[in-house]
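A closer look at the structure
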Amino acid sequence: MSEEQIKSLEAEFEARIARDEKIEPKDWMPEKYRQTHIRQISQHAHSEIVGMLPEGNWITRAPSLRRKVALLAKVQDEAGHGLYLYSACETLGISRDELYDQLHSGKAKYSSIFNYPTLTWADIGAIGWLVDGAAIINQVPLCNTSFGPYARAMVRVCKEESFHQRQGYEIMLKLCQGTPEQKEMAQDALNRWWWPSLMMFGPTDDVSVHTAQSMKWKLKRKTNDELRQQFIDQTIPQAEILGITVPDADLKWNEERGHYDFGEINWDEFWQVVKGHGPCNKERMSARVGAWEKGTWVRDAAMAYAEKQENKKLNKAV
Ligand code: BYC
């Protein structure tokens, strides 16, 4: 293709983005647009899959049948989210095997939040309330992202995330209305999950390498800092209802800004976790790689069965 032809395709592409048209898999798109979507969508998919591990830890120990059923359903939803997202990503010309390989080799990232341990039942409440709460705030704008398959996947994901957030908040509410020990457990979970939840939104805008371009392409509709602020403003009144406090001495309502001011996030901790040195990174990766290896016989059997069926069809046709 000549340089002129590429320039004209690029101009048409930018015009479509400006008109808020959805870009579909077979449409022409700049290579960087394709790559940046593969990066974000696959990391999002990996986060959903790895995100099952901290909660899966509590399925057998949920305190009642009702709690067990709800948690089981939530973890299954997350598997589903991972699968919609892998499918959306595959439409960009990368295979599922390559995507898994990027996760298992450590080349692709997944959300920092899932490298923290779930020590008590209250952590399941805190994850639903805070982590899924953060996920909704991050993902609702993505329902309006420019790449069609990603936007459509996010609509269903967001509906399910709101149920997840409510089941988590209900666990917290129950604990906070319970014995002093139960309330203390809820406070302890909030203390441990608050700052990592704020880190989920990614580095501050001045450090974020991808935000500017992703905003131009309407992949991201709001910046990391905007979403983080929205999350804080929305969550503090919920903590007040619970009667527990976020572990931030600098948190204060700022009348002039119409937002909460908040303390400094420990970015060293964030980057350590992102680089693989968080409390549970090794455990999470070995669980995923182990599951992949143990599943080899299932994949082999499925392929052998598919081949047999194909041969049967061919023999009939002859
Ligand atoms: N953890 O330039 P930036 C869920 C990386 S699933 C790890 O701001 P971007 C849920 C970033 O990838 C939660 N890494 O990047 C599931 C980049 O590195 P690379 C996942 C992070 O993409 C189960 C570098 O830092 N949600 O909620 O513009 C149960 C510079 O960052 C993190 C999604 O994936 C992090 N927290 O913005 C419950 C949503 N933050 O790629 C809940 C979709 C940043 O250059 N993704 N990095 O090697 C997004 O919205 C954006 O990708 C992010 C980052 C806001 C996460």
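Rules of the game
Residues numbered from 1 in each chain as written. Predicted model: local features only at pLDDT ≥ 70, side-chain atom pairs only at ≥ 80, totals over all residues. Heavy atoms only, no water. Disulfide = S-S within 2.5 Å. Phe/Tyr/Trp six-rings, centres within 6.5 Å; stacked < 30°, edge-to-face > 60°. Lys NZ or Arg CZ within 6 Å of the ring centre and 35° of its normal. Near = heavy atom within 4 Å. Polar contact = N/O pair within 3.5 Å; in protein donor to acceptor, adjacent residues only side chain to side chain. Areas by Shrake-Rupley, 256 points an atom, 1.4 Å probe, with all protein chains shown as cover. Helix = DSSP H or I, 4+ residues; strand = E, 2+ residues; numbered from the N terminus. Nonpolar A, V, L, I, M, F, W, Y, C, P; charged D, E, K, R; others polar. Core = buried A, V, L, I, M, F, W, Y, C linked by side-chain atoms within 4.5 Å. Buried < 20%, exposed > 50% of the residue type's maximum accessible area, 1.4 Å probe, protein only. Contact = heavy atoms within 4.5 Å. Axes fitted to C-alpha atoms, helices over the stretch in contact; angles between N-to-C directions. Parallel < 35°, antiparallel > 145°, perpendicular 65-115°, else oblique. Left-handed = near helix turned anticlockwise from the far one by under 90°. Expected span 1.5 Å × (residues − 1). 1 Å grid on protein atoms, 1.4 Å probe; cavity = no way out; pocket = protein on both sides within 12 Å on 5 of 7 lines; lining within 4 Å. Points joined across faces, edges and corners; volume = space filled by probe spheres on them.

- In the nomenclature of an unreviewed UniProt entry, the protein corresponds to 1,2-phenylacetyl-CoA epoxidase subunit PaaA from the organism Pseudotenacibaculum haliotis.

A few points about the state of the cysteines
- Inspection of every chain in the model, using the stated rule, returns zero disulfides.
- Free of any disulfide, Cys143 has its nearest cysteine sulfur in Cys158, 3.8 Å distant.

Some points on the packing of aromatic side chains
- Summed over the entire model, instances satisfying the criterion amount to 13 aromatic pairs.
- Both rings, one in Phe270 and one in Trp271, keep their centres 4.7 Å apart while their planes meet at 70°; by these two values the pair is edge-to-face.
- Linked through ring pairs, Phe13, Trp28, Tyr33 and Trp217 together constitute an aromatic cluster.
- Directly above the ring of Trp58 sits Arg61, whose terminal nitrogen or CZ lies 4.1 Å from the centroid.
- Directly above the aromatic system of Trp292 lies the positively charged group of Arg299, at a separation of 3.5 Å from the ring centroid.

Focus on the site of the ligand
- Lining the immediate surroundings of the ligand are 33 residues, of which Lys109, Ser208, His210, Lys220 and Asn224 lie closest.
- A distance of 2.8 Å separates a nitrogen atom of the ligand from a polar backbone atom of Ser112.
- Contact with the protein chains hides 91% of the accessible area of the ligand, taken as 1,000 Å² for the molecule alone.
- Counting residues per element, the ones that place at least two in the shell around the ligand are helix 2 (31-50), helix 6 (121-139) and helix 11 (267-277).
- When residues in the shell around the ligand are grouped by element, the largest group, six residues, is from helix 2.
- When grouped by side-chain class, the residues that make up the shell around the ligand number 14 nonpolar, 13 polar and six charged.

Some points on the nonpolar core
- Core analysis: the biggest nonpolar cluster contains 74 residues, and Trp129, Trp193, Trp194 and Phe231 have the highest contact counts within it.
- Ranked by residues supplied to this core, first place goes to helix 6 with 10 residues.
- Filtering out sequence-adjacent residues up to four positions away, Phe231 remains in contact with Leu130, Gly133, Ala134, Ile137, Trp194, Ser197, Leu198 and Phe201.

Some details on the packing of helix 2 against helix 5 (residues 96-104)
- Interhelical geometry of helix 2 versus helix 5 gives an angle of 70° and a closest axis separation of 11 Å. Our classification of the angle between helix 2 and helix 5 gives roughly perpendicular. As helix 2 packs across helix 5, the resulting crossing turns out to be right-handed. Counted together, Ser42, His46 and Val50 of helix 2 and Leu99, Gln102 and Leu103 of helix 5 form the full contact between these two elements.
- Its residues placed into classes, the contact of helix 2 with helix 5 shows three nonpolar, three polar and no charged.

Regarding helix 10 (residues 224-242)
- Between its first and last C-alpha atoms helix 10 spans 27 Å; for 19 residues at 1.5 Å apiece the expected length is 27 Å, and the two agree.
- Along helix 10, the residues classified as buried are Asn224, Leu227, Arg228, Gln229, Phe231, Ile232, Asp233, Thr235, Ile236, Gln238, Ala239 and Leu242.
- Residues of helix 10 that are buried make contact with helix 6, helix 7 (148-176), helix 8 (180-199), helix 9 (211-216), strand 2 (259-261) and helix 11.
- Positive backbone phi, at 80°, marks Gly243, one or two positions downstream of helix 10.

Considerations on the environment of Ala88
- Mapped onto the fold, Ala88 is located in helix 4 (residues 65-90).
- With a relative accessible area of 4%, Ala88 lands in the buried category.
- When the C-alpha positions of Ala88 and Ile38 are compared, they lie 9.1 Å apart, and in sequence the two are 50 residues distant.
- If sequence neighbours within four positions are ignored, Ala88 has contacts with Ile41, Phe147, Pro149 and Tyr150.

Side note on the layout of surface pockets
- There is about 220 Å³ of room inside the second largest pocket.
- Ile49, Met52, Ala79, Leu83, Tyr86, Tyr100, His104, Arg288, Ala291, Trp292, Gly295 and Arg299 together form the lining of the second largest pocket.
- Mapped onto the lining of the second largest pocket, the elements with two or more residues apiece are helix 4, helix 5 and helix 12 (281-294).
- Residues belonging to the lining of the second largest pocket are distributed by class as follows: eight nonpolar, two polar and two charged.

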